[in-house]
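For reference, the chains in residue letters:
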Amino acid sequence: MGTILVDSLFVFMLAGFIGFEVIKRISPLLHTPLMSITNALDAIAVVGAIVLVGRHESNLAFILGILAVIAATSNIVGGFLITDRMLKMFKSTRPTKS
Amino acid sequence: MTSIFGSQAFIGFVYLVASALFILALKWMNAPPTARRGILAGEIGMVLAIGGTILQLGVEGKIEHIAISYTWIFIALGIGTAIGVPLGMVQMTAVPQRTALSHAFGAFCVTLVGTAEFYLGQRTGIPAFKMSVLCCEVILGGLTVTGSLMAAGKLQEVLPQRPITFKGQNVFNLGMLAVAIGIAVYLVYNPGATHLYPVMVGIALVFGVMLVIPIGGADMPTVISLLNSYAGLSAAAMGFVLNNKLLIIAGALDGSSGFILSVIMSKAMNRSFTNVLFGAFGQVAPAAAGGQEARPVKSASPEEAAGILAAANRVVIVPGYGMAVAQAQHKVRELYDALTKRGIDVEFAIHPVAGRMPGHMNVLLAEADVPYDHLKEMDDINGDFPQVDVSLIIGANDVTNPAAKTDKSSPIYGMPVLDVERSHTVMVIKRSMNPGFAGIDNPLYYMDQTLMLFGDAKVFVSNIVKELSGGH
C-alpha cells in the first residue's frame, strides 16, 4: 500500500506541474474551449464506472455504475462536440474574400 | 495471478498512451491553428482508454469466471451519448451553463463511483489511506455536484442571480464543512460505520448549495473555474482510490486548469478567492446608487455616431455581456465589415471577465465570424488607447469604469479596467442611465469626450450600419 501511495503521489505531482506549465501557455482566446475539453478529458472517470457495471458485484454498485457511466459519457460526447464546434468558428482574417 | 499480470501490463500501457495523448491535447489547445488537432488527440486517448478497459474486463472475467454485463455497459454508453449530443449542440450564449452542468455531471459520476467503492469495500474492509482519499473524492464530488447545479441555475436565470445571504452564513458554512471532515476522519478509523457515510455525503451536497447561493452573477466566471478545479481534483482522488494513474493525470490536469483560470478571473476582478467565496459581491452598491442625481450627459443619434465612426482611422469596440444578451454580435460583425471596408482599422478589446465564463466573449465573436486576430486582450490593447479615435462600448460597463483606478471608495477600486477614457471619443451604447449589474455608477458617461447612444444594442448598431452603407 505504501509504495502504491507514493507512486500515485509522484504521478499526481508531476501531472500537476505539467498541467500548470501547459495550461499557462494557452491563449486566453481559447479559455472557453479549454474548459470544455478538460471537462471531456476529466470524464475518463467513466472507466471506473464501466468496471462497476461490468463486474456487477452488488446491485447497488451496478446501478450507481450505470448512472455514473451515463453521466460521464454525456460529458465526453458533449464536451468534445462543443469544443469542436467552438474551435471551428475561430478564423483568422479571411484569406480569400475581402 | 501471474496470468492477470500480462493484461495488467497491457492496460497500463494503454493508459500510458492515453495519458500522453491527453497532455498533447492540452498542449495543442494553446493556439487556434493546432487546437482542433488537440481534440483529435483527446478523442483517440479516450477511445483507447475505454476500449482497453472493456477488453481488460473481459480478460479478468474469463480468469475469475464471472459474467461481464457488456449489454449494460453499452446501454449506459448509448444513453450517455444520447444525452451528450444535445448538450454539445447548445447555443454559444448558453455555453457557461452547459459547462456548469457538465461539471455537475462529472462530479456526479465520481461521487457515485466513490459511493459504490465504499459499500463494496465493506466486504473486505477499507484501508485507512484508501478511505481518506475516498472521503476527499466524495466530499469534493458532492459539493461540486450541487454547487455546479446552482451555478448552472443562476446562469440559466431559473434561480435569482442576486447573492442570497443571511447572518452568520460563513460561520454556518464552515461549521458544516467541519462536521463533514470530522465524519470523514471518523470513517478513516471506522470504515464500517456505514450509517455515517450518507450523512457525510448529504452534508457535502448541502454545502455545495450554500457555497454558491451567496455568489452573484458577476462572479460566475470565477465560480465556474473553481468548480472546474474541484471536479478535476475529485477525479484525481478517485484515481487514488482505484489506483488508476490515467485518472490521476486527467484529474490533475483538469484541477490545475480550473485553478489557473480561477486565479486569472479573480485577478481580473481584483478579488481574492476567499473574497469571491465569502464576499457576496454587490451588497455595497445600493447606497452608492441611491444618492445619485441626474448629471448632464451628451447623447447622439445613429446618424451622428455613424459620421464620427466614418471619420475615424482607428476604432476599438469594447463588447460586454450586454451585447450577447441583446443578441447583437452579428450586427456588430456587420459594423466591423462596414468600417473595415472603408479602410478603418477595427479591433475588439476583450476584458478577461467580459462574458459569463473565461474566454466566453471570444467565442461569441468568433461565432459571429469576427477574425480572432482582431480580438485583443486587455493588457495588449490598453497602451494603445491614446491613439484610438473612437472607442465604441457595447453592453459593457464596469470593465470600462475609470473609478476603478481613481476612486478608492468605489467597490471595484483596484480592478484592472480598459483605459477607454484615453481615446479621443468614447461612444457608449446603453439602454438607459441605469447603473449596470453591480449597481455602480460609471463616471465615464459624464466625461467631455463621451457620447451616450441610448437604445437597444442590436437596433442601434444596425442603424449605424445602415447609415454607413447608405452614405456611401
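As the structure is a computational prediction, the values presented were derived from the model and not from experiment.

This part covers the overall build of chain B. Per the secondary structure count, chain B includes 18 helices and six strands. Dimensions of chain B, computed from C-alpha atoms along their principal axes, come out at roughly 80 × 50 × 35 Å. Going through the 472 residues of chain B one by one, you find that 54% of them count as buried. Once local pairs closer than 6 in sequence are excluded, the contacts in chain B between residues at least 24 apart make up 79%.

This next bit is on the sheet that holds strand S5 (residues 425-430) of chain B. Residue and element names in this part refer to chain B. The strand order S3-S2-S1-S4-S5-S6 describes an open sheet built from six strands, whose pairing is parallel. Edge positions in the open sheet fall to strand S3 (375-377) and strand S6 (450-454), since each of these has one partner strand only. Here the strands of the sheet are splayed against their neighbours by 25 degrees on average, with no regard to which way each runs. Taken together, the five bridges between S5 and S6 define a ladder with parallel strand orientation. Across the sheet, the residue bridging to Ile 429 is Leu 453, located in S6.

In this assembly, 79 residues from chain A lie in contact with 94 residues from chain B. Mapped onto the side of chain A that touches chain B, the elements with two or more residues apiece are helix H1 (2-24), helix H2 (31-42), helix H3 (46-55) and helix H4 (59-89) of chain A. The element that contributes the greatest number of residues to the side of chain A that touches chain B is H4(A), accounting for 26 residues. Of the residues that constitute the side of chain A that touches chain B, the class distribution is 49 nonpolar, 22 polar and eight charged.

Residue and element names in this part refer to chain B. As assigned here, chain B comprises domain 1 (1-86), domain 2 (95-281) and domain 3 (295-470). With six residues of domain 1 at the contact, the number on the domain 2 side is five residues. Here the element with the most residues in the side of domain 1 that touches domain 2 is helix H1 (residues 2-28); it accounts for five residues. Class assignment of the residues belonging to the side of domain 1 that touches domain 2 gives a composition of five nonpolar, one polar and no charged.

Attention shifts here to helix H14 (residues 329-341) of chain B. The α-helix advances 3.6 residues per turn, and as a result positions three or four apart in sequence lie on the same side. Residues and elements named next belong to chain B. With 13 residues, H14 extends 18 Å from end C-alpha to end C-alpha; this agrees with the ideal 18 Å at 1.5 Å per step. Along H14, the positions that sit buried rather than exposed are Gln 329, Lys 331, Val 332, Leu 335, Tyr 336, Ala 338 and Leu 339. Just downstream of H14 lies Gly 343, where phi reads positive at about 85 degrees.

Next up on the list: the environment of Pro221(B). Residues and elements named next belong to chain B. With respect to the helices and strands, Pro 221 occurs in helix H8 (residues 220-242). Among the residues examined, Pro 221 registers 27 C-beta atoms within 10 Å and is labelled buried. Setting aside anything within four residues of it in sequence, one finds Pro 221 in contact with Met 265, Val 353, Arg 356, Met 357 and Pro 358.

Below, the discussion takes up the environment of Val209(B). Take Val209(B): it is sitting in helix H7 (residues 196-212). Considered as a pair, Val209(B) and Leu143(B) are 66 residues apart in the sequence and their alpha carbons are 7.4 Å apart.

Before going further, it helps to examine the pairing of strand S2 (residues 345-350) of chain B. Residues and elements named next belong to chain B. Counting buried residues along S2, five of its six residues qualify, which places the element largely inside the surrounding structure. In this sheet, S2 lies alongside strand S1 (residues 314-319) in parallel orientation, the contact comprising four bridges. Residue pairing in the sheet places Arg 314 in a bridge with Asp 345 of S2. After leaving S2, the chain enters helix H15 (residues 360-367) and then returns to the sheet as S3, a path that is right-handed.

Let us now look at the packing of helix H5 (residues 128-155) of chain B against H8(B). Residue and element names in this part refer to chain B. Running from amino to carboxyl end, H5 crosses H8 at an angle of 155 degrees, the nearest separation of the two axes being 8 Å. Taken together, the axes of H5 and H8 lie roughly antiparallel to each other. Along this stretch, H5 crosses H8, giving a crossing that reads as left-handed. Split by residue class, the contact of H5 with H8 holds 18 nonpolar, five polar and three charged.

All names here are of chain B. With 21 residues, helix H6 (residues 169-189) extends 31 Å between its outermost C-alpha atoms, agreeing within 8% with the 30 Å of an ideal straight helix rising 1.5 Å per residue. Every buried residue of H6 is listed here: Ala 180, Ile 183, Ala 184 and Leu 187. Projected down its long axis, H6 carries its buried residues within an arc of 105 degrees, all on one side. What points out from H6, more than 90 degrees from its buried face, is the exposed set Val 171, Leu 174, Gly 175, Ala 178 and Tyr 189. Looking at the buried side of H6, the elements it contacts are H5 and H7.

Residues and elements named next belong to chain B. Note on placement: Val 316 falls in strand S1. Separated by 25 residues in sequence, Val 316 and Lys 341 have C-alpha atoms that sit 15 Å apart. Not counting chain neighbours up to four residues away, the residues in contact with Val 316 comprise Glu 347, Ala 349, Ile 381, Val 388, Ser 391 and Ser 423.

For the rest of this paragraph, the subject is the packing of H5(B) against H7(B). Residue and element names in this part refer to chain B. Where H5 contacts H7, the axes come no closer than 7 Å and their chain directions differ by 40 degrees. In terms of their interaxial angle, H5 and H7 are classed as oblique. As for the relative orientation of H5 and H7, their crossing is right-handed in sense. When H5 is examined against H7, the residues Cys 135, Val 138, Ile 139, Gly 142, Leu 143, Thr 144, Val 145, Thr 146, Gly 147, Met 150 and Ala 151 are found in contact with a partner set consisting of Met 200, Val 201, Ala 204, Leu 205, Phe 207, Gly 208, Val 209, Leu 211 and Val 212. Of the residues in the contact of H5 with H7, the class split is 15 nonpolar, five polar and no charged.

In terms of nonpolar packing, the biggest core is built from 200 residues, with Ala45(A), Val46(A), Val69(A), Cys109(B) and Ile394(B) touching the most fellow members. Setting aside residues no more than four positions away along its own chain, Val46(A) makes contact with Val69(A), Ala72(A), Thr73(A), Ile76(A), Ile50(B) and Cys109(B).

Rules used throughout
- Residues numbered from 1 in each chain as written.
- Chains lettered and ligands numbered in written order.
- Predicted model: local features only at pLDDT ≥ 70, side-chain atom pairs only at ≥ 80, totals over all residues.
- Helix = DSSP H or I, 4+ residues; strand = E, 2+ residues; numbered from the N terminus.
- Buried ≥ 20, exposed ≤ 12 C-beta atoms within 10 Å, placed from the backbone.
- Contact = placed C-beta atoms within 7 Å.
- Pairing = 2+ DSSP bridges.
- Axes fitted to C-alpha atoms, helices over the stretch in contact; angles between N-to-C directions.
- Nonpolar A, V, L, I, M, F, W, Y, C, P; charged D, E, K, R; others polar.
- Domains from an automatic or database assignment.
- Expected span 1.5 Å × (residues − 1).
- Right-handed = clockwise from strand over helix to strand, strands pointing away.
- Parallel < 35°, antiparallel > 145°, perpendicular 65-115°, else oblique.
- Left-handed = near helix turned anticlockwise from the far one by under 90°.
- Arc of directions from axis to C-beta.
- Core = buried A, V, L, I, M, F, W, Y, C linked by C-beta atoms within 7 Å.

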